[in-house]
Structures are given as C-alpha cells and as structure tokens.
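Listed below are the residues making up each chain.
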Amino acid sequence: MGLALWGAACGTAVSAMSSANATVTMVLVLRAATPL
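Here is what the cut-offs are and how they apply
- Every chain begins its residue count from 1, and numbering advances along the sequence as written.
- For this predicted model, a pLDDT threshold of at least 70 governs which residues receive local features, and a threshold of 80 or more governs which side-chain atom pairs are given and counted, while totals over whole chains, interfaces and linings are taken from all residues.
- Neither water nor hydrogens contribute to the side-chain values; these are computed over all heavy atoms in the structure.
- The helix and strand labels rest on DSSP assignments: H or I over at least four residues marks a helix, E over at least two residues marks a strand, and numbering proceeds from the N terminus.
- The classification of residues rests on relative accessible area computed with a 1.4 Å probe and restricted to protein chains. Under 20% of the type maximum is buried, over 50% is exposed, and intermediate values are partly exposed.
- We get accessible surface area from the Shrake-Rupley algorithm with a probe of 1.4 Å; when it comes to residues, only the shown protein chains can shield them.

Draft legend 1. Quick look at the overall build of the chain. Regarding its fold elements, the chain presents one helix and zero strands. Principal-axis analysis of the C-alpha atoms places the extent of the chain at approximately 55 × 10 × 5 Å. Burial statistics for the chain: of 36 residues in total, 0% are counted as buried. About 3300 Å² of surface is accessible on the chain, with carbon and sulfur atoms providing 76% of the total.

Draft legend 2. Spatial organisation of the environment of A20. Checked against the element boundaries, A20 lands in helix 1 (residues 2-33). Residue class for A20 comes out partly exposed when judged on its relative accessible area of 42%. Distance in space between the C-alpha atoms of A20 and P35 is 24 Å, their sequence separation being 15 residues.

Below, the structure is given as structure tokens:
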C-alpha cells in the first residue's frame, strides 16, 4: 500500500515537472518568435 502511494506521488510530481517544463519552453519559444 505504501509503495503504491509513493509511486503515485512520484509519478504525479514527474508529470507536473514535465508539464511545467513544457510550458516554460513554449513561452520562451513564443517570446523568441515574437518581436516586441
């Protein structure tokens, strides 16, 4: 039970980090592509 909970928590954390990284990358690409 504890191991399954730990695995789910790690999976959620990795997913959130991946999503945040993708968002930051997209923002940087859009800023680089958009002359201000």
